[in-house]
Amino acid sequence: MMFLAIATYTTQGVSGLGTEGGTRRAEVVRALIENSGGRVESLYFSFGKHDVYVLCDLRDNVVAAALSLAVRAAGVGETIMVPLLTPEDIDEAAKLPVTYEAPGRAG
């Protein structure tokens, strides 16, 4: 499954990034993901609301949650794990029979 990991550093995390540098932190992130059986497709640092964007292939939601928890538990950042769907996934979802009653439209 593909995920977009979006990380935002705490002040402590930014300080560590400044000390260690981006290349070293990217190596750590790659190792974290690869040690869980995943693969990093791309990793970029940014500035603004979020600090790091990682496109990665992970086995499942459980692994994604474990990685997110590990980063948060370290206290140096917050991570959002966004599951990414293929066009074929959306095609399959669109074909599922789903009944939904919108609020205020009870018949």
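Our structure's up above, just so we're on the same page.
In this text the structure is predicted, and so the values were computed from the model without any measurement.

Asker: Looking at this structure, how should I read the sheet that holds strand E3 (residues 52-57)?
Answerer: Overall, antiparallel pairing links the four strands, which are arranged E2-E3-E1-E4 in an open sheet. Each of the sheet's edge strands pairs with one partner strand only, and the pair in question is strand E2 (39-45) and strand E4 (77-84). Sheet twist, expressed as the mean angle between neighbouring strand axes with direction ignored, is 15°. Against the sheet, helix H2 (residues 22-35) contacts strand E1 (2-9), E2 and E3, and its axis sits at roughly 150° relative to E2.

Asker: Help me understand a negative patch on the surface in this model?
Answerer: A surface patch of negative charge is lined by Glu88, Asp89, Asp91 and Glu92. Note on placement: Glu88 falls in helix H4 (residues 87-95). Among the residues examined, Glu88 registers a relative accessible area of 54% and is labelled exposed.

Asker: Explanation requested: the nonpolar core in the structure shown.
Answerer: Nonpolar side chains tend to gather and get buried jointly when the protein is soluble and globular. Ranked by internal contacts, the top residues of the largest apolar core, which has 15 residues, are Phe3, Ile33, Leu43, Val54, Cys56, Leu58 and Met81. Those residues within four positions of Met81 in sequence are excluded, and the remaining contacts are Phe3, Leu4, Ala5, Leu58, Ala64 and Ser68.

Asker: Before we go on, may I ask you to explain the layout of surface pockets in this structure?
Answerer: Empty pockets left among the atoms are what a rolling probe the size of a water molecule brings to light. By volume, the largest pocket amounts to about 500 Å³. Around the largest pocket, the lining comprises 29 residues; the ones closest to its centre are Tyr9, Arg25, Val29, Leu32 and Val71. Listed by contribution, the elements that provide at least two residues to the lining of the largest pocket are E1, helix H1 (11-20), H2, E2, E3, helix H3 (61-74) and E4. A total of six residues in the lining of the largest pocket trace back to one element, the largest contributor, which is H2.

Calculation criteria
- Residues numbered from 1 in each chain as written.
- Predicted model: local features only at pLDDT ≥ 70, side-chain atom pairs only at ≥ 80, totals over all residues.
- Heavy atoms only, no water.
- Pairing = 2+ DSSP bridges.
- Helix = DSSP H or I, 4+ residues; strand = E, 2+ residues; numbered from the N terminus.
- Axes fitted to C-alpha atoms, helices over the stretch in contact; angles between N-to-C directions.
- Contact = heavy atoms within 4.5 Å.
- Patch = residues over 30% accessible without salt bridge, like charges linked within 9 Å, V, L, I, M, F, W, Y side chains within 5 Å.
- Areas by Shrake-Rupley, 256 points an atom, 1.4 Å probe, with all protein chains shown as cover.
- Salt bridge = Lys/Arg side-chain N within 4 Å of Asp/Glu carboxyl O.
- Lys, Arg positive; Asp, Glu negative; His and termini not counted.
- Charge placed at Lys NZ, Arg CZ, Asp CG, Glu CD.
- Buried < 20%, exposed > 50% of the residue type's maximum accessible area, 1.4 Å probe, protein only.
- Core = buried A, V, L, I, M, F, W, Y, C linked by side-chain atoms within 4.5 Å.
- 1 Å grid on protein atoms, 1.4 Å probe; cavity = no way out; pocket = protein on both sides within 12 Å on 5 of 7 lines; lining within 4 Å.
- Points joined across faces, edges and corners; volume = space filled by probe spheres on them.

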